[in-house]
Structures are given as C-alpha cells and as structure tokens.
Protein chains: 2
Amino acid sequence: MDLFELTEKVNECLKGNEIFNKNDIIELKNIINNDDYIGLAQINTISGDIEYNAKKIAKYIKLAEEIKLKCIIFPQDSLLGSSIKDVIKRHTIVKKDSINWLRELAKLTKNTIAIIGDIAHINDEYINTPIVLHNGKINTDFKNQYFIYEKYAISLDTNIKNNIEFLTNNKAKLFINCASQTYKQYKKYFQNEDLSYLSSKCKIPSLYVNQIGANDNLLFEGISCAYNSNGELIARAKAFEEQLIIVEPYKSIGKIYPLPDGYCKCLKEKNEFSLDYENDLERTYKALVLGIKDYFYKCGLKRAVLGLSGGLDSSVCAVLLADALGKENVYGISMPSKITSKESKSDAEQLANNLGIHFTEVPIRNIVDTISADFHKMFNTIEKDWNYRYAQSFTQDNIQARSRATILWGVSNEFSSCIPIATSDKSEAYMGYATINGDMSGGYAPIADITKTKLFALARWINKNTGSKNLIPETIINKRPGAELAINPKTGKPLIAEDALMPYEFLDEIIWRIESKHESYYEMLISEFLYERHNNISKEQKTEWLNKFYCRMSTAFYKWSIIPPTVMIEPNSINKIDYNQLITSSHINYKGTDEEHITESLK
Amino acid sequence: MDLFELTEKVNECLKGNEIFNKNDIIELKNIINNDDYIGLAQINTISGDIEYNAKKIAKYIKLAEEIKLKCIIFPQDSLLGSSIKDVIKRHTIVKKDSINWLRELAKLTKNTIAIIGDIAHINDEYINTPIVLHNGKINTDFKNQYFIYEKYAISLDTNIKNNIEFLTNNKAKLFINCASQTYKQYKKYFQNEDLSYLSSKCKIPSLYVNQIGANDNLLFEGISCAYNSNGELIARAKAFEEQLIIVEPYKSIGKIYPLPDGYCKCLKEKNEFSLDYENDLERTYKALVLGIKDYFYKCGLKRAVLGLSGGLDSSVCAVLLADALGKENVYGISMPSKITSKESKSDAEQLANNLGIHFTEVPIRNIVDTISADFHKMFNTIEKDWNYRYAQSFTQDNIQARSRATILWGVSNEFSSCIPIATSDKSEAYMGYATINGDMSGGYAPIADITKTKLFALARWINKNTGSKNLIPETIINKRPGAELAINPKTGKPLIAEDALMPYEFLDEIIWRIESKHESYYEMLISEFLYERHNNISKEQKTEWLNKFYCRMSTAFYKWSIIPPTVMIEPNSINKIDYNQLITSSHINYKGTDEEHITESLK
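Residues numbered from 1 in each chain as written. Chains lettered and ligands numbered in written order. Predicted model: local features only at pLDDT ≥ 70, side-chain atom pairs only at ≥ 80, totals over all residues. Heavy atoms only, no water.

**Student:** A description of the confidence of the model for chain A should follow, citing residues and the corresponding values.
**Tutor:** For chain A, the average pLDDT comes to 93, and 99% of its residues sit at 70 or higher. For this predicted complex, the interface score ipTM comes out at 0.95, alongside a pTM of 0.96. (pLDDT = per-residue confidence, 0-100.)

**Student:** Tell me about the sheet that holds strand β5 (residues 137-139) of chain B, and please be specific about residues and values.
**Tutor:** All names here are of chain B. Within the open sheet, the 6 strands sit side by side as β5-β4-β3-β2-β1-β14. Their pairing is mixed. The open sheet is flanked by β5 and β14 (243-247), the only strands paired with a single partner. Taken over all neighbouring pairs, the strand axes of this sheet differ in orientation by 30° on average, direction set aside. Pairing geometry for strand β4 (residues 125-134) and β5, over 3 bridges, is antiparallel. What sits directly across from H134, in β5, is K137. Packed onto the sheet, helix α3 (residues 50-66) meets β1 (38-42), β2 (71-76), β3 (113-122), β4 and β14 and runs at close to 160° relative to β2. (Pairing = 2+ DSSP bridges. Helix = DSSP H or I, 4+ residues; strand = E, 2+ residues; numbered from the N terminus. Axes fitted to C-alpha atoms, helices over the stretch in contact; angles between N-to-C directions. Contact = heavy atoms within 4.5 Å.)

**Student:** With reference to specific residues and values, describe the side chain of S561 of chain B.
**Tutor:** For S561 of chain B, the location among the structural elements is in helix α23 (residues 557-561). At 2.6 Å, the side chain of S561 of chain B and the backbone oxygen of Y558 of chain B are in polar contact. In this structure S561 of chain B touches S561 of chain A together with K576 and I583 of chain B, once residues within four positions along its chain are discounted. (Polar contact = N/O pair within 3.5 Å; in protein donor to acceptor, adjacent residues only side chain to side chain.)

**Student:** Describe the relation of the copies chain B and chain A, and please don't skip the residues or the numbers.
**Tutor:** At an RMSD of 0.0 Å, chain B and chain A line up after a rotation of 180° and a shift of 0.0 Å along the axis. In short, the pair behaves as if placed about a two-fold rotation axis. (Least-squares fit on C-alpha atoms with pLDDT ≥ 70 in both.)

**Student:** If you had to explain empty space enclosed by the protein to someone new, which residues and values would you point to?
**Tutor:** On inspection of all chains with the given rule, the structure shows 13 cavities of 30 Å³ or more. N437 and I562 of chain A together with N437, S441 and I562 of chain B are the residues nearest the centre of the largest cavity, which is lined by 16 residues in total. Looking at the lining of the largest cavity, its residues break down into 10 nonpolar, 6 polar and no charged. (1 Å grid on protein atoms, 1.4 Å probe; cavity = no way out; pocket = protein on both sides within 12 Å on 5 of 7 lines; lining within 4 Å. Points joined across faces, edges and corners; volume = space filled by probe spheres on them. Nonpolar A, V, L, I, M, F, W, Y, C, P; charged D, E, K, R; others polar.)

**Student:** Tell me about the interface of chain B and chain A, and please be specific about residues and values.
**Tutor:** Listed as interface residues are 123 residues of chain B and, on the opposing side, 123 residues of chain A. Between chain B and chain A, roughly 10,600 Å² of surface is buried when both sides are summed, and carbon and sulfur atoms account for 60% of that area. A per-residue breakdown of the area chain B buries against chain A is headed by R90, W386 and L602 of chain B, which together make up 9% of the total. Inspection of the chain B/chain A interface yields 4 salt bridges. Viewed at the interface, chain A and chain B are joined by 51 residue pairs in polar contact (both at pLDDT 80 or more). Its residues assigned to classes, the side of chain B that touches chain A comprises 52 nonpolar, 45 polar and 26 charged. (Buried area = accessible area lost by both parts, 1.4 Å probe. Salt bridge = Lys/Arg side-chain N within 4 Å of Asp/Glu carboxyl O.)

The structure is reproduced here in structure tokens:
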C-alpha cells in the first residue's frame, strides 16, 4: 500500500465507515517517519456547536499524533463554527467556553503541531487569529491575522499582496493559510492562481486549508490545496467532502484529487451569456445536495414534504431531496385544483415512482371553494368602504398556492423533524412570480439561487448522470413551465409562465448581464441577446421585455427579503447576505435621466 | 417676527403647508444679512429615488440662496438615499445618474455653500465622501471622509477621536458632521456628549446634521444639533420631523427645539431592568408611526388590513396604523373561530369604533373545518409511511392562524395599494410563539421590535396621551394575552400565553439581560429578577423558565429570519440587519461546559 491508498483508508475510518486498522496505522507511521508530513484537515463544522466541533478536531489531532504527522492544519472557524461573531458578542459564555475546549485540545498535542484559525476579542472587536496547539500548550499572540511559529508563517488573510508582504518581513519555510471561503471568495482567490504565484515568488511552499460544508446560506466547498516552492500544485482535496490529505511540501509529495467536471473552467469568468451550463452542472448538483444535507443535519431535521406539481421546479427539488435525505424521508404530494391538467398529475406520480419517494394526492378543490365563497362575501363588504378593487386580480390564483402551502405546513406540524420545501427559482424571484405564503413559503428553498434555464440544463444532466437514468420524465422537461393557477383566456388552457413574463432564455440573460456585467438598460438594448440570434424579435418587443423586467423587479424586493434559507452557489445572488437592496428603493430609475429632464426638474 | 418664528414659517412652507410669503423672505433676509447664518437641512429621502431627493435638495438650496444663508448642510446619503452601496455597484447607471443630478444641483448654488455627504467610487470600493456645491461648481477631493473647504472642516466620520485629530491637523473655524445615524448609533455618539467635548476641546463650533426618516428597518431620528466653541448646545432640531434650522454658530444663535418626553434620559444606558418605560414611550410611539408612514409612502402603498383579535398586539398595531395612514385607510377584520370568546369579538369591534377604522367580521369556521377534514384524511395516509406523528400537535392551532393570514393576503390581492399587517411582537419572536404563514406573516410588522411589557406600557400611554382618550378598551389591556388558538385542558378556557411560556415580565428581563448586559444562563440564575422581588418563586421554577427560554429560542431562528420589515427602535434587536445568528446554530450550549465533561469528551 502506498501513502495515498493509506490516507484514503484513514479518511474512511475518520468518517466512521471503517474501523481503524492497527496495521494500516503502523504502515502509515513507517512511511511518514522522520519526514515533514503535514495533514490538511478539511472539516465540516456546526456553527456554535463547540462540543461537536472539538470532538471532531480531537479525532484528527489524535490520528495525527499516532501516525507522527509533523503538523495538522484546520480551517478558519473550526472550533466556533461559521458566522459566530454576533453570537459570541451577545452570548459571551460561548467564547469563554471555547477557550476551555481549546485548552483541552492543546493537551492532546505532543509532537504534532496543530494549527487552527480562531477568533480573538481585542479592544471590543472580534478578529480572526491563528492559534497553534503544540506540546500541550496554546501558542498565539492574539495580535492579528498573522502568526509565525517555528518558521511556519500562518495567515488567515486571503489578500495575496498582504501575504507576500508578511512573508517578506519574516523568515519562514512554509506558508499556511487557514480559510473559510465560499465559492465566490474561492473563485476570486484562485482565479489567477494567486497562491501558486505567491509560492513561486517567495520560493516557499504554501498550504491552503478551507472549510467544507453548508451553514444556512453559506456554502464552503473545500478544495484545500498545496503548492511546492516552485508554485506547482502538488496536492488538492476534493470539493464537497470532508477529507484529510497528507503532503510533504518540501519533497512535493501529495495527491491531486479530481474535482467535479468542469470545476476549474468555472473558476474563470464567463464573458458571454450561454445556455451551455455543462461545466457547472456536476458542481451545482453536488453543492445543492450538500446544502440540503447539512441544513437538515445541523438543524436536527430529517424529513421533507413538498408539493409535486408535475413541473420542472418541484421535480428537480424532489430529486435533490431524495439524494440528500434518502427517498424514505421525502413525501411528495400532488395537490390538484380545477385547473390542474391530467398530465401534470400523472407526471408528478411518475416522478415520485422513479425516485421511490412517498407520494399521495390531496385535491385542494374543497378548500379553494370554501375560501373563495368566503372571499366573495368579504370583498363585497369591503368594496362598500374601499375603492380601487382590481378588475382583474390574482386572488383566485393565490388561494390555490396558499392552500397548498397550508397543507405542507400542516404535515410539518403533525410529523416530527419534517419541514416543507419552497420550490421557487431565481428567475421567478426576480420577476416576483411566486406567491407569498404559497410556493415561496417553506423551511428551506433548494433552488432559490438557480435560474430557470440552468434548471432545465440541470434536469437533463440529472437524467444522464445520476444513478438510475431518466429520473425526471421527459414530458416534465419538455413542457413549457406554468404555475397552472389560471387559465389563459386566449387559449383556454393553463397560462404559460413565458407568456405572462418573457422567454426564460431572454430573462436569464438580463439577470446575467446585470449581475455579472453590471450592464444598464440602454447597454442591454443595444447588445445582441442570445435569444435574438435564434429568434426574430422586434426592437419594440425587446423594449417591452426590458421594461417589464425592471418594472416587475422593482416590486419584488419584499419577496426577496423572505426567501427561505438556500445555499448560495453562484458568485452573484439576490440573497440578503450577499446583496442588500431596500424594499423602499422601489422608485429607482434604471434608465438614467436625460440632462434636459434634470435641468427642467430643478428649475 | 424673530428669526425663530420666521424659520418655523419657512418650515411650513417647505412642507408645502403654506405658500412662500415674500414679506417673510425679505424679513428673514434682513435678519441674516451679512452674518454667518447656516442652515441645517434635516431631510427625509428615499433610497435610490434620485429625482425625488434632488428636487427636495434643490428646494432647500434655492431658499438658502434667496435668504442669503452662508451655508446649508445636508445629511449623509441625501442624494442617493440610504443603504445604496450594493445597488450602485450592480446598477452602475444609478451612480452615474446621480453625478448628472449633482452637477445641476451645483448650478443652483451661487453665494451659498451647499454641503452634502455623498458616495465616491475609489479603487473598486465605495466610500462616503463630503461634497461642496458652491458658485455653480462641485468641490471635493474624493479622497476619504474628510474635506476642508474655506476653513470649514467637513467630516462624515462619527468617531470623535478621528475628528479631533482631523481638526488638530487642519486650521478650521467650523466643524461640520454630515451623518446618517440610526438611534443605536446616535445614542452611542451622544451618550457622553461627544460633540460638545470636541467643540470645547478644539475651541470651535460644531454642526451635526442627521437624516430623518425610515427606510425599511433603518430609522433615522433626526435631532441635528449645533454647539458653540465652548461646547454649549445652541440649537437642536426636532426628532422625527423634516426641518430646516438656522444657526449662527459664532454668535451662539439658534433654537433648541423640544424632544419627545424623556428622550435625553433614554440616551443614557439603563442599568437595571424595569417596567417603567415612561421615558421611552413618546419616542417609541412617534418612531413606530413614522416607520409605518415612511414604509407605505416610499413603497407606494396606502392602505392596510389587519386581523383584530381583541388582544393587545393587534390593538396597538391598529392605533399606530390609524395614526400613520388615516383611519379610512385601515381595515380591521375580526376572524373568530370556535375558540374565540365573545369578549374578544366585542373588544375588537369596540376598538375599531374608537379608532373609526373600517371593520368587518369574517368567521373562519368553514375554512378551518374544511381544511381539518382534509388534514384528517391526509395524516392517516401519511401515517402509514411515516412514524413519529406527534401525539399532541399544534396543527389545529396553526390552521386557524394560517386561515386568517390567507384572508388578509386575499384582501391585499384584491384591493390596490393595500398590504396585510403582521402583528407579532418581540417577546413572542424570541419564544417562536407565532405561526409561520399566520400571525407572523404580513407586508409590514409594526411592533416586531417591541417586547410585550413595553407594549402594555405603550397601550396605557396611548390611552393617556393620544387625541381621543382611552382609545384601547381597558378590557384589552387588562386581560392576560393568549392567542385563542387552543383550549387549556386544565381550565377548559382558551390557553393563556404566560401559562404556555412564562410570565412576560420574567421573559422580557431575560431578553434585556442577554441583549444589554450579555449575561449568561448562570449569571441570570444567581441574579435577582424584578419578578422575584414581587413574587415568591422557587429556584426550580426559575431554572425551568430559563431552560425553557434557551430551548425555545434555539428553535426560533428560522422564524427570526422571515420577520417582515419593521423599524428597529431599540439599541438591540434580533433583526437580521442588526444581529446575525445562523439557523443551523441551534445546538449552542448556552450554559457552558464543565471542565470534567470537556476532558471526558476528548478522551
């Protein structure tokens, strides 16, 4: 057995899938003996659950001592977990407690140096600070993000310029970076292979250890890595997996684990909108599944209930949930109304059968009829006092969506450890095309950060690449999406979303141009959209769609503010954590004002 | 007429309540002639609505020119509005547009110097920067938060130390601070009368101009002020009102407008929990009314519909809404279920009559019965596949709350410019004692930042101090709150919230101790609570309540994440903007861990 086979085995043991085998340990110890082997412990932690995190860290430290690693490195926030600063400021006991745990963790160290990114409380502020556990003691200067220990230059900073300066000012034989970087941050960090540049410039190996795991909306993808002193990549951990990888940076020993298909290409910036999402689909799928898995596990939840409409959104959600939670823990409910087509019902059932999840049908006709009757009376009363009753309203559509959500929350109230799933997507969030307390509502929203055209691509990828082929019935992928809440008076059939909004291909390109290119209304008007290359549309049509986009978006900010938790997997999003726009900012003029109008207005 | 009477009149004109009177202007001009009179323009702006903001600024600049003010000062973010940095980064046109408006605003200036806090884009970052409009030109160095113009030292920084350093390094005859500070920030800034200290230390007058107005959750209270070179307060604008106040800082001329009762006392830190909220009630009332008014106005909304349960929360909300929107724009709906008592219904109607708001009754029995029947069938089906059905669930309670929310959202869908109101309060948010898609749901949540004991005090204050006396029927204030969603099996009467939770007085003191004092579980256990002074409770009882608090809070974070918009009026809150705690951080051990357990755990 070589080092890599052994470390693979060690990882299985750490996961609890295999029992530690004494012979393996002895073999590993023999390989490592007397060399500078270092472990990169890419671990998944729970925010604030110090006991859970400390036990995990202890397990890794003990193993490192046993196999005589020179050093073991943990990510930033390993002990306290992510996004904890507000909490430890208010609940000071939590930080105090962590110091007691840290002291005991230090006692586990003897020959192995354990390095961890922690939080220090200095001058009423909380800053990230490196901690070294060695020989039973805690070593740190609590000064800032940098620390030198036995010629190890440890930094929590991810600014390459600062790090090079740090290395220039200090003699070091190894650069260590403990990180907790989301995809967005990781992408920025590695876009120009910055760490490789640092190593080759400073002639010193670099080790980068990142968190993995989802914490509410934040997703850390892992991919810890090591460069030798020439700046060559010598080791890399997997994405989306807890892993201990072992390297000997001075001898360029390490293993480069494969990443999801296309991952490296994804780290580059896209220059053009395209419907070819291929490079990002394996990553996206794995990220979404991990997001669900971690949210449920860390919250102590086990089961999910969702409405299966026979449409794309709920179908993709069901696939992800079945993979993340196990098919026995997912309940799909078809909730047909008068408008629901026979095909939708059978598509929903077919999908549930393909996945092997539980399935039942609960028609909502009675509920909708009862509410509608009460509404009819109530509106007539209110109309006596209030004017401006809509001639055409969405009230009837929304009763259906809200009745369905009431049913799903009912299941959640009645069965332990179960939450309902909000199935709306990002394209529709931009358009405010989702019902408050209806399909927007749920304990978790798996695909809220994904646009519709990407969802179509993901559905096709799922059918090609996951365990059983063609999980999602072709009819679901091929039909044009519609909420089936209302009849289109022109066709007599359920209203198609693209007729009410605009082609998703066009819509998603607007979103991409705003988020990635920061383009304005007029810039888009004169650019050629992908949709225009394949379809002959008039300038008026394009103008109409652009106007509709800005108009609908301006009234959608409230909806953005109540999107349930979802992992952010794109570099740009409308998630509050990533992007803050006030609901009261609904009067922004996205077209800009011509100068004559300005002069006139201020006269 | 003296300067103050004239400026009062000018303010009425600026508000549009009176027409500019040429004689008044001439009189003002005569008073001001040749002296260093300066206007502090404490204005209310709309985030991103540059045209609205620019027109307002223009109106003030024109007046200043007309009456020959030496200088007029606007708050930070006057042109672009609050919290706009993410928006202008993504929609770059908005920032570009603002520069065009600024150029035209500059053209309005001739002799008067107009000073404004703006945002500059430097090295891919957005920083606050002072701008001076004078003689038709824009003057700024775009360097940082400080700028010197004709011996005016202008700072956007609210760090007193930094400002004193700035003054020490620059010769200046006047210190100007353009701010946009929320209550929390204002409180911190003026707790030790810092600006007075700066003036007396540097022997130079200071002018502080703050925004007023609510922008989603952010509330700016105004209270701009001026100190002479001895550090004496010489002028102060009102709280919660747009106002232009005129000062001559070198001659100590200015008027100190009265603040809400107790305001200055509120700026000091409270050292002990108390049910005496008196000092904070006028401020609280005005803040809440302004919060509603601005949210509706800035979003283009006009009307509100709310459920009137005959309880405290909805009653206080109704009073606030009637004041903010006008009684004709508020619809109260009593939605009795089987459990609702006769008293609750008549109390609700009485309150509506007192307020003169619209009122109707929509019984929810039919809807609840229909849903319950469908649920019964569905649960029996699901039970065949899933174990862990709760023996006792809240399903039936929640059907009622959700049916009510569905009715209110129905009104919002059917009548233009109308949103439903979420009536839950802060004490109940801490306990997760509110229904998702039920009483938690709404387009706005007026009292989500207020604890229950403060709400009781506010209700009594309302009955004493607002227009008509005793608006809120005494029976509402005197009854013990309960959601009337379930029957207490012990009493056969609707369940009282305090029986399900703990006494609100005790609960609110826990909240206060955590938020203001950062106390831990054990610190609270050994401290004497106010409730304990008046009631004989056992150690076991206290322990049980504390345990219940932490246990319930740990599962309430999801609910915190979906609280509708509400103005934050306390220095501490659980609002996402102010306090971030991950939902997945539900396993925090708030008691800390004893060292033996730690040692044992890591063995």
